Amino acid sequence: MTQQPPVPRLNLAPKLRRPLSIWNPLDYLRLLYWVFFFPQALRWYVDRFGGGYIPETEMNWRKGWKLLRQNAIQSQLLFQGLVLTIIIPVAIGLIFQTNVYVSWFGMALGVALGVALGVALGVALGVALGVGLGVALGVALGVAFGVALGVALRVAVGVVKVGVALGVAVDVAVGVAFGVAFGVAFGVALGVAVGVAVGMVSGVALGVALGVAVGVALGVAVGVALGVAVGVALGVAVGVALGVAFGVAFGVAFGVAFSVAVGVALLRPETWLIGLPLNLQIIQNGSWLFPRITPLPLPNLVWRLENWLQNDWEIGLHNTNELLAYTLQFIPVVQAVNRVLTTTSSEHIIWRVSLLAADPFDWKLVGFASGSLRKQIKLQLFKGFVFFRYFKELISSPLTVETCLDTPARAAAAGFWHLHEKEPARAIEAFAVVRSLLYGEEMFILAQTLAAFDKAQKPASIAAIQVPLFPQEPLLRPVSWKVLANLRQVVEDVQFIERSVSRSARSLALNRALGKLTKILNQADTLPQAEQGLIIDIAQTWQKSLLQIAGEVGEISITKPVVNPYVVGDPVQGHLFIGREDIIRQLEELWVIDNQLQSIVLYGHRRMGKTSILLNAANCLGSQIQLAYVNLLRLGDSPQGVGEVLMAICDEISQTVKLPPPTDADLLNLPYRTFERYLKQVEANLDGGLIIALDEFEKIEDLIEAKKIPIDFMGFLRGLVQMSSKIAFAFAGLHTLEEMTADYFQPFFASVIPIHVGFQERAANHQILANPGNEDFPLDYIPEALDEIYALTHGQPYLVQLLGFQLVRRYNDFVFEQGRSRDPVFTVEDVEAVINNPEFYKRGRYYFDGVWGQAARGAEGQQAIVQVLAPHSEGLSLDALAQSTGMNDTNLQEALNTLKRHDVVEETQGNWRIMVELFRRWVFQQ
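Per chain, residue numbering runs from 1 following the sequence as it is written. Only residues with pLDDT of at least 70 get local features here, since the model is predicted, and only at 80 or more are side-chain atom pairs given and counted; chain-wide, interface and lining totals rely on the full set of residues. No hydrogens and no water enter the side-chain calculation; it runs on all heavy atoms of the structure.

### Remarks on the overall build of the chain
Phase 1 of the analysis: Each helix is a run of DSSP H or I of at least 4 residues and each strand a run of E of at least 2, with the numbering of both proceeding from the N terminus. The helix and strand tally for the chain stands at 44 helices and ten strands.
Phase 2 of the analysis: Here the term buried applies to any residue with accessible area under 20% of the maximum for its type, exposed to any over 50%, and partly exposed to those in between, with areas from a 1.4 Å probe on protein chains only. Burial analysis of the chain (926 residues in total) assigns 51% to the buried set.
Phase 3 of the analysis: In this analysis, two residues are considered to be in contact whenever any of their non-hydrogen atoms come within 4.5 Å of each other. Residue pairs in contact within the chain that sit at least 24 positions apart in sequence constitute 74% of those at least 6 positions apart.

See the structure below:
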């Protein structure tokens, strides 16, 4: 048996790895090639380098201008398109002028139309479409108008010179010349433009039906109409007979030329012929000659795709998507897919169709796996002949899908198509045909469930839903069933709301249901595409319906002042400690999972939560690992020197491991030797391991600089770190730990693992505020208030806790001290009221003063930079900073780098700004 060769994996996307340059002439040639021979590349370019698109349903002129102003790549692309639109017709006109008379007025008219169309479409519908159609029409119309008007005028002048005696012949000749010239001009321009638009927007080969229909209808109708109109108008002047002759000649010539030109320009047979010899045997991923713009089927493509799909269905589908995305070969793709599905065994049909519907570039590929593409093309051709009556329908819906259920493959494809089109009732009918096949029952129940959910609009109808029994594993759509299980729980919650009499219980059930719906909507991108839109619609409808009854359900009554769950200044412990999962997980890996304990350094700015992390780290260690916490700030001036420092450490170790510490005299007389012996005794008595946590570690540097302890103390600690696999150290302090450059610190940091403690993430910030470790916390925040707090604090833990603390105090004072009623939900106005109160900044001075004081240490000019930045919320450029501070480039950059390491400033879009908005306001007020 002959082994089949492996299926190649196509990659037909452009191979450009950088944005186009306005100074590189080759990039203009590349852009010109894209417009006329590879228009799909324009959309790829905007997606890859230009930040993507605003959805067409949301796009308008205002958003278009804003996008162009903010996005340098897209505005540059529009500029490059305008340059091509102007330069290329002029260059071609100069070349033609040697042999053909060129009308520069006609060329200017065509270019102007192209430029206007490019700018208008670029702003209104997107840069890619504007550049594609603008350049295509500008070049085609400019050249065609220039040459056509030139030829027509030359013929007219030449014939008139013969003499008026020629009579009818003059009008006929001029009319034919004029008609042919303008027919070709309009035909080429319209055909190219439609072809570019089709290739760029849809990638579907509706060009055959649309092109012929437009060509025939516009060619005949517009040609005859304009011809007769112009002829009759001239006939009034020179005689009815001459006018009719001219009209007929002009109409016939214009119509025929226009029809032929549109069809030829849209079908682009020249690209088909040029690329044909190079693509008969193999499709080259990087070939510039591969036909991208012609809808004419490539020879052997159907046969090649059929072989790929039969040998490897998944890679074959990838290749079909590549062809749909970057060519107009829709018809061969549909034919190949349908042929393979026809011969697929029954147990694989639904599985294969589900993969086909997983991520198709064009969903009509799934639809025409059930419907007849040939019938639709014939229908569009017929509509083309009666163009004026069906114009709107022809443009708005070029190819519609009429599903057929006569075979299992078509029925399965119809089921997925109708799910995608949000027609669950028709999906049930389709899947009923294949219900006996593998996964058929699952898809039938899935459609049934979605249909039941989709019908329910109000809480009463939601509560009345009879959810079908879910199928057993293995499942074809596990993600969908997980979401449907959540929707089923929402149904149960709504049923509870409908029958319960307890206001608090109903409120809890309502919040639970709304939470599940919000979770579904937040994770909607993970759903299979076929049912994704339908599930989103269901979740949004239910969410809106439940929000409308929130007032009827009622809220939990607050009858006494709310216990303030937020902790300001002190370390947060126990159930109040929320967030920092990433750091806790890292500590687990270093201290629990690994066989040998690792020493670490937790470093970060003041009030970042380092102490809270150390105190709560014991919760993740298990019974085998113990942690002794030592706050070095309690040492004071340590007049007894290093012995007093080691006394404090020994006392905490003794309380943790229950082993008496050495005597004070021994530690004062022989501090290093006594402490080392004590650690060896501790190690011998350990069943597991011991972490010695030294907080506020920069105190050691202060004592060394004050000459209270010797400079070799760091070397001693390094030796202890390496002494035992059962004992490790956890040091915590400011960013200066990372910056210590003295010789006695360098060997120490080579032996420990640094862990940076920075700002909280947005999600953790919201979690801390909305769920502050108290399940009975009755107050809530609107999402905008949570976002505002994050914008003000950047997730700085101390400020987040302080804001929450002040909000609860304000609520208690408003309701229970002043006796006024208000909703137990904090708004943006509440947040603004708190931070505008001078008391807030007085309470926060521990953080503000700490950051300000730290900016006075290290690199010079830090405080000056902060003062200059404080009035500017959007920040300042490097040049503006240099000018305002008077610092040279070297000192300025060094100071900025220090502030950046200390989480004080950040650079965004070329500007330097203060990270924490509240700190910026505090500095500005000072």
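### So, the sheet that holds strand S4 (residues 727-733)
Phase 1 of the analysis: A pair of strands is treated as paired once DSSP finds two or more bridges between them. If you trace the five strands from one edge of the open sheet to the other, you get S2-S3-S4-S1-S5, paired in parallel fashion. Edge positions in the sheet fall to strand S2 (625-631) and strand S5 (753-756), since each of these pairs with one other strand and no more. When strand polarity is set aside, the average angle formed by the axes of neighbouring strands in this sheet is 20 degrees.
Phase 2 of the analysis: Two elements, strand S1 (residues 600-603) and S5, share four bridges in a ladder whose sense is parallel. Note that in S5 the partner of Leu602 across the bridge is Ile755. To get an axis, a line is fitted to the C-alpha atoms, and for a helix only the part in contact is used. The angle between two axes follows their N-to-C directions and goes from 0 to 180 degrees.

### Side note on the pairing of S4
Working note: regular strand, side chains alternate between the two faces of the sheet.
Phase 1 of the analysis: Taken across its seven residues, S4 has seven buried, putting it largely inside the fold.
Phase 2 of the analysis: Side chains of S4 alternate between two faces, with Ile727, Phe729, Phe731 and Gly733 and Ala728, Ala730 and Ala732 buried alike.
Phase 3 of the analysis: As judged from the four bridges shared by S1 and S4, these two strands associate in the parallel manner. Looking across to S4, one finds that Tyr603 is bridged to Gly733.

### A word on the sheet that holds strand S9 (residues 905-908)
Phase 1 of the analysis: Spatially, three strands are ordered S8-S10-S9 in an open sheet, and the strand pairing comes out antiparallel. This sheet does not close on itself; its edge strands, each paired only once, are strand S8 (876-877) and S9.
Phase 2 of the analysis: Examined bridge by bridge, S9 and strand S10 (residues 911-914) share four bridges and lie antiparallel to one another. Within the sheet, the bridge partner assigned to Thr908 lies in S10 and is Asn911.
Phase 3 of the analysis: Here helix H41 (residues 862-869) sits on the sheet and contacts S8, S9 and S10; the angle it forms with S10, its principal contact strand, is near 95 degrees.

### Concerning the side chain of Gln862
Phase 1 of the analysis: Note that Gln862 resides in helix H41.
Phase 2 of the analysis: A 3.5 Å cut-off defines polar contacts: any pair of N or O atoms within that distance qualifies, except that in protein one atom must be a possible hydrogen donor and the other a possible acceptor, and neighbouring residues in sequence count only when both atoms are side-chain atoms. Within polar-contact distance, the side chain of Gln862 engages the backbone oxygen of Ala859 at 2.9 Å.
Phase 3 of the analysis: With residues up to four places along the chain from it excluded, the contact list for Gln862 reads Gln854, Ala855, Arg857, Ala895, Thr898, Leu899 and His902.

### Let's talk about the environment of Arg920
Phase 1 of the analysis: You can see Arg920 is positioned in helix H44 (residues 917-925).
Phase 2 of the analysis: When the C-alpha positions of Arg920 and Val866 are compared, they lie 8.0 Å apart, and in sequence the two are 54 residues distant.
Phase 3 of the analysis: There is a polar contact of 2.6 Å between the side chain of Arg920 and the side chain of Glu917.

### As for the packing of aromatic side chains
Phase 1 of the analysis: For Phe, Tyr and Trp, rings pair up if their centres lie within 6.5 Å, where Trp contributes its six-membered ring, and each pair is then called stacked (planes under 30 degrees apart), edge-to-face (over 60) or tilted (otherwise). If you walk through the whole model with that rule in mind, you get 16 aromatic pairs.
Phase 2 of the analysis: Ring geometry for Phe919 against Trp922: centres 6.0 Å apart, planes inclined by 20 degrees, an arrangement best described as stacked. Placement of the pair is Phe919 and Trp922 together in helix H44, with a separation of three residues, close to one helical turn.
Phase 3 of the analysis: Residue class for Phe919 comes out buried when judged on its relative accessible area of 2%.
Phase 4 of the analysis: Clustering of aromatic rings is evident, with ring pairs tying together Phe840, Tyr841, Tyr847, Phe848, Phe919 and Trp922.
Phase 5 of the analysis: Charge over a ring is defined by NZ of Lys or CZ of Arg lying within 6 Å of the ring centre and within 35 degrees of the ring normal. Of note, Arg48 hangs over the ring of Phe49, and the distance from its end group to the ring centre comes to 4.7 Å.

### A short note on the packing of helix H12 (residues 313-326) against helix H13 (residues 330-342)
In a packed pair of helices, the relevant descriptors are the angle between the two axes and the axis-to-axis distance.
Phase 1 of the analysis: As a packed pair, H12 and H13 sit with axes 9 Å apart at the nearest point and diverge in direction by 160 degrees. Looking at the two axes, H12 sits roughly antiparallel to H13. Considering how the two elements wind past one another, H12 and H13 form a crossing that is left-handed. Within the contact between the two elements, H12 uses Trp313, Thr320, Leu323 and Leu324 and H13 uses Phe330, Val333, Val337, Val340 and Leu341.
Phase 2 of the analysis: A breakdown of the residues in the contact of H12 with H13 according to their chemical character gives eight nonpolar, one polar and no charged. Angle categories are assigned with fixed cut-offs, so that under 35 degrees is roughly parallel, over 145 is roughly antiparallel, 65 to 115 is roughly perpendicular, and the rest are oblique. In this scheme, a crossing is called left-handed if the near helix is turned counterclockwise away from the far one by less than a right angle; it is called right-handed if the turn is clockwise. Side-chain classes are defined by residue name, with Ala, Val, Leu, Ile, Met, Phe, Trp, Tyr, Cys and Pro counting as nonpolar, Asp, Glu, Lys and Arg as charged, and the others, Gly among them, as polar.

### Digging into the pattern of salt bridges
Phase 1 of the analysis: The salt bridge definition used is simple: a Lys or Arg side-chain nitrogen within 4 Å of an Asp or Glu carboxyl oxygen. Throughout the structure, instances matching the rule amount to 17 salt bridges.
Phase 2 of the analysis: Arg339 serves as the salt-bridge partner of Glu306, at 3.7 Å between the closest nitrogen and oxygen. Taken together, the residues Glu306 in helix H11 (residues 301-311) and Arg339 in helix H13 connect sequence positions 33 residues apart.
Phase 3 of the analysis: You can call Glu306 buried: its relative accessible area is 18%.
Phase 4 of the analysis: Notably, a salt bridge pairs Lys422 with Asp537, separated by 2.8 Å at the nearest N-O pair. Highlighted residues: Lys422 in the loop between helix H18 (408-420) and helix H19 (424-433) and Asp537 in helix H24 (residues 529-548), separated in sequence by 115 residues.
Phase 5 of the analysis: Accessibility expressed as a relative area gives 39% for Lys422, which makes it partly exposed.
Phase 6 of the analysis: By relative accessible area, Asp537 is classed as partly exposed at 27%.
Phase 7 of the analysis: Residues participating in the shared-partner salt-bridge network are Arg18, Asp27 and Arg30.

### Concerning unusual backbone geometry
Phase 1 of the analysis: The omega angle of the peptide bond from Glu473 to Pro474 is 0 degrees, so this bond is cis rather than trans.
Phase 2 of the analysis: Take Pro474: it is sitting in the loop between helix H21 (459-463) and helix H22 (478-499).
Phase 3 of the analysis: Here Lys422, not a glycine, exhibits a phi torsion of approximately 60 degrees, which is positive.
Phase 4 of the analysis: The phi angle at Gln909 is positive, at roughly 55 degrees, despite the residue not being glycine.
Phase 5 of the analysis: With respect to the helices, strands and loops of the structure, Gln909 is situated in the loop between S9 and S10.
Phase 6 of the analysis: Its relative accessible area of 85% is what places Gln909 among the exposed residues.

### Describing the confidence of the model for the chain
Phase 1 of the analysis: With 68% of its residues at a pLDDT of 70 or more, the chain has an overall mean of 75.
Phase 2 of the analysis: Each residue carries a pLDDT score, the predictor's own confidence in it, on a scale running from 0 to 100. Here residues 155-184 is a poorly scored stretch, pLDDT under 50, and it has 41 contacts once near neighbours within four places are set aside; other chains count.
Phase 3 of the analysis: Every residue in residues 202-256 scores below 50 in pLDDT, and together they form 110 contacts with partners more than four places removed in sequence or on other chains.

### Considering helix H30 (residues 671-685)
Phase 1 of the analysis: The span one expects for a helix is its residue count, reduced by one, times 1.5 Å. Here H30 contains 15 residues, and its C-alpha end-to-end distance of 21 Å stays within 8% of the 21 Å for a straight helix at 1.5 Å per residue.
Phase 2 of the analysis: What H30 keeps buried is the set Pro671, Thr674, Phe675, Tyr678, Leu679 and Val682. For H30, the arc enclosing every buried residue in end-on projection is 135 degrees, short of the 170-degree limit, so these residues lie on one face. Exposed and oriented more than 90 degrees from the buried face of H30 are Arg677 and Ala684. For this quantity, the arc is that covered by the directions from the helix axis to the C-beta atoms.

### Structural notes on the packing of helix H37 (residues 797-817) against helix H38 (residues 828-835)
Phase 1 of the analysis: Running from N to C, H37 and H38 point in directions that differ by 100 degrees, and their axes come no closer than 10 Å. Classed by the angle they form, the pair H37 and H38 counts as roughly perpendicular. On H38, the residues that touch Leu803, Gln806, Leu807 and Arg810 of H37 are Asp830, Val831, Ala833, Val834 and Ile835.
Phase 2 of the analysis: Each residue belonging to the contact of H37 with H38 can be placed in one class, and the counts come to six nonpolar, one polar and two charged.

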